[in-house]
Amino acid sequence: MKPPTTGTERHRTRARGPATALAVIAAGAVALGLAIPAHAASTLKAAAEARGRYFGTALTRGDLGISAEVNLAAAQFDMVTPGNEMKWDATEPSKGSFNFGSGDQIVSFAQSHGMRVRGHNLVWHAQLPAWVGGVPLNQVQGVMENHITTEATHYKGKVYAWDVINEPYNEDGTLRQDVFYRAMGSGYIAAALRAAHAADPNAKLYINDYNIEGINAKSNGLYSLAQSLLSQGVPLHGIGLESHFIVGQVPSSLQANMERFAALGLDVAITELDDRIQMPADSSELQQQGTDYGRVVNACLAVPRCVGVSQWGVDDGHTWIPGTFPGYGAPMMWDSSYQPKPAYQAALSALNSGTSSPSQSPSQSPSQSPTSSPSVSPSRSPSASPSPSSSPIGGACSATIKTINSWGGGFQSEVTVRAGSAPVNGWTVKWSWPGGQSISSLWNGRQSTSGSSVTVSNESYNGSIAAGASTTFGFTANGSAATPTATCTSP
Ligand code: G2I
């Protein structure tokens, strides 16, 4: 129950000119007792990029016509999720008839402002046009795969990630009995991920859901599914935690939950953050909201595989919350006059505090996703690496493959690439599989395979390694766990 508020306790907003915005931010930080270092970035995106993350927002086509909102979005965010424009009802309103006009507008807005795009979404029980429910069950798979193939092909190369499967779970950790489940059972998820991967092999493929932020029955169901999918070599790359929170109720197990998914070799992302307050919001609730936003950002920063945070909207004047939760509102980092709230200061301060998380090599480009896990320290006992490693070639680099998880029919490995006595600028690691193994998913490297020969080269953000330092890439593979000798060369 919300305590009654008095008029003096209530937060009041008043219009302020843009010239005072920085002073407002600084004053807000001081008022909150936040220490913002002199080198601190002054936007969420710059601060996130300095930590190897992105900070995103959701925008609808309607939002694009609101200049104050889009100007703020372009200044603060470097990732955009279309709020509705890539959903099935928008893109295939009648069978086989596709319309990507609205989604394209969001993509071109993002591209013209140097922002990336999270595709949202391909398969979801909601915002599904009625005709899909009328498809005979033995034709649903074909209809689903055609939808995925057509949409993911249209946006190939333009989306960083896809929410391939959206909100598949009931609260008790069982799968929803939607039309896809009724037609294919749980196999619809693997089929959808495979179709999306075939259409756009470079997009990171996610399962996205709400109420899976903490460790609970629902996230346990998803965790088991993720393990099973990876063990079958299904191209699943990430878990999206929507994070539609109520003020003061961020789950205490958020970080631990992200860590357990990350330990499977998956990226994790906060995909739809908002933090609703029973209206009217008073100042202590707005402070608590700041605490909540700071906790979410800090949890992401603490997990190397957490690639970024997206808020589901920009300002309190344009949010889905009051329409769905009557009496609630004010869930965003900016108020309805586009003024920053304590939540904004807290998110920015969290990003600006501390240094890069341990997974990131100093050379990492800020706009890229972080590397998978901490580098192996030079003092680590050789026995920690069960596989032989190659000697540095010409002093350039060496590579060590280590198995970190295995299950019936598959395994996960981490490869440490270490520079010799001189810095490395670009690297290529090669090995041969001894027994028919095949890679199902690889991160932090670019793979090419020919028969049993595997070649992995650096991504743009992890090619430079200081003398004696290291970076890692990882993969999941089919077959029995193997640690072949790898060679490393540098141009
Ligand atoms: O509900 C919040 C989000 C939960 N996770 C998945 C997201 O895709 C979802 O987004 C919201 C949009 O922000 C709303 O804008 O999804 C809602 C529908 O499930 C969207 O609302 C719908 C309205 O309910 C419709 O009446 C309207 O026609 O937006 C439609 C397009 O404007």
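Rules used in this analysis
- Residues numbered from 1 in each chain as written.
- Predicted model: local features only at pLDDT ≥ 70, side-chain atom pairs only at ≥ 80, totals over all residues.
- Heavy atoms only, no water.
- UniProt positions renumbered as here; feature names shortened; annotations may be inferred.
- Near = heavy atom within 4 Å.
- Polar contact = N/O pair within 3.5 Å; in protein donor to acceptor, adjacent residues only side chain to side chain.
- 1 Å grid on protein atoms, 1.4 Å probe; cavity = no way out; pocket = protein on both sides within 12 Å on 5 of 7 lines; lining within 4 Å.
- Sits in = over half its atoms within 2 Å of the grid points.
- Nonpolar A, V, L, I, M, F, W, Y, C, P; charged D, E, K, R; others polar.
- Pairing = 2+ DSSP bridges.
- Helix = DSSP H or I, 4+ residues; strand = E, 2+ residues; numbered from the N terminus.
- Axes fitted to C-alpha atoms, helices over the stretch in contact; angles between N-to-C directions.
- Salt bridge = Lys/Arg side-chain N within 4 Å of Asp/Glu carboxyl O.
- Buried < 20%, exposed > 50% of the residue type's maximum accessible area, 1.4 Å probe, protein only.
- Contact = heavy atoms within 4.5 Å.
- Expected span 1.5 Å × (residues − 1).
- Arc of directions from axis to C-beta.

Looking up the chain in an unreviewed UniProt entry gives the name Beta-xylanase, with the organism given as Microbispora triticiradicis. Regarding the chain, the UniProt comment filed under Catalytic activity (unreviewed entry) reads as follows: "Endohydrolysis of (1->4)-beta-D-xylosidic linkages in xylans." One UniProt comment on the chain, placed under Sequence similarities (unreviewed entry), says "Belongs to the glycosyl hydrolase 10 (cellulase F) family."

Draft legend 1. Representation of the site of the ligand within the structure. Asn 84, Lys 87, His 120, Trp 124, Gln 127, Asn 166, Glu 167, Glu 242, His 244, Glu 272, Trp 312 and Trp 320 make up every residue found near the ligand. One of the side-chain N or O atoms of His 120 is found 2.7 Å from an oxygen atom in the ligand. For the ligand, a nitrogen atom lies 2.6 Å from a polar atom in the side chain of Glu 272. With respect to the detected pockets, the ligand is housed in the second largest pocket. Partitioned by chemical class, the residues of the shell around the ligand number three nonpolar, five polar and four charged.

Draft legend 2. Just the sheet that holds strand β17 (residues 453-457), in detail. Here four strands make up an open sheet; going across it, the order is β16-β17-β14-β20 and the pairing antiparallel. Strand pairing shows two members of the sheet lacking a second neighbour, β16 (446-450) and β20 (487-489), which therefore form its edges. Geometrically, the sheet is characterised by an average inter-axis angle of 20° between neighbouring strands, direction not taken into account. Direction of pairing for strand β14 (residues 428-432) relative to β20: antiparallel, over a ladder of three bridges.

Draft legend 3. Layout of the pattern of salt bridges. All told, the structure shown has seven salt bridges when counted by the stated rule. For Arg 305, the salt bridge is made with Asp 267, and the minimal N-O distance between the two is 2.8 Å. Residue Arg 305 is found in the loop between α13 (283-302) and β9 (306-311), and its partner Asp 267 is found in strand β8 (residues 267-278); the two are separated by 38 residues along the sequence. Comparing Arg 305 with Asp 267, the two get one shared label, buried. For Arg 446, the salt bridge identified is with Glu 459, shortest N-O distance 3.0 Å. Within this pair, whereas Arg 446 is found in strand β16, its partner Glu 459 is found in the loop between β17 and β18 (464-465), the two being separated by 13 residues in sequence. A relative accessible area of 47% means that Arg 446 is categorised as partly exposed. Overall, Glu 459 belongs to the buried group, its relative accessible area being 17%. In the salt-bridge network here, residues are joined through shared partners; they are Glu 171, Asp 209 and Lys 218.

Draft legend 4. A look at the sheet that holds strand β11 (residues 397-407). The antiparallel open sheet is built from four strands, whose spatial order is β11-β12-β19-β15. The open sheet is flanked by β11 and β15 (438-443), the only strands paired with a single partner. Put simply, the sheet's adjacent strands are angled 25° from each other on average, direction ignored.

Draft legend 5. Quick look at unusual backbone geometry. Between His 120 and Asn 121 the backbone carries a cis peptide bond, its omega angle lying at -10°. Tracing the backbone shows Asn 121 in strand β3 (residues 116-124). Here Met 279 and Pro 280 are connected by a cis peptide whose omega angle stands at -5°. Assignment of secondary structure puts Pro 280 in the loop between β8 and α13. Phi is positive for Gln 127, close to 45°, though the residue is something other than glycine. Topologically, Gln 127 is positioned in the loop between β3 and α7 (130-133). A relative accessible area of 28% places Gln 127 in the partly exposed class. For Asn 211, which is not glycine, the phi dihedral falls at a positive 60°. Mapped onto the elements of the fold, Asn 211 is located in the loop between β5 (204-209) and α11 (217-231). In this structure Asn 211 comes out as partly exposed when scored by relative accessible area, which is 34%.

Draft legend 6. Quick look at the environment of Gly 410. Structurally, Gly 410 is set in strand β12 (residues 410-419). Residue classification places Gly 410 among the buried positions, given a relative accessible area of 1%. Here the alpha-carbon distance between Gly 410 and Ile 439, two residues 29 residues apart in the chain, equals 9.4 Å. Sequence-distant contacts of Gly 410, that is, excluding residues within four places in its chain, are made with Ala 477, Asn 478 and Gly 479.

Draft legend 7. Expanded view of helix α8 (residues 137-154). Counted at 1.5 Å a residue, the expected span for α8 with its 18 residues is 26 Å, and the 26 Å between its end C-alpha atoms agrees. Buried residues of α8: Val 140, Val 143, Met 144, His 147, Ile 148, Glu 151 and Ala 152, and no others. All buried residues of α8 project into a common sector of 140° when viewed along the axis, lining one side. In the core, the buried residues of α8 are packed alongside α5 (88-91), β3, α7, β4 (161-166), α9 (179-184) and α10 (187-199).

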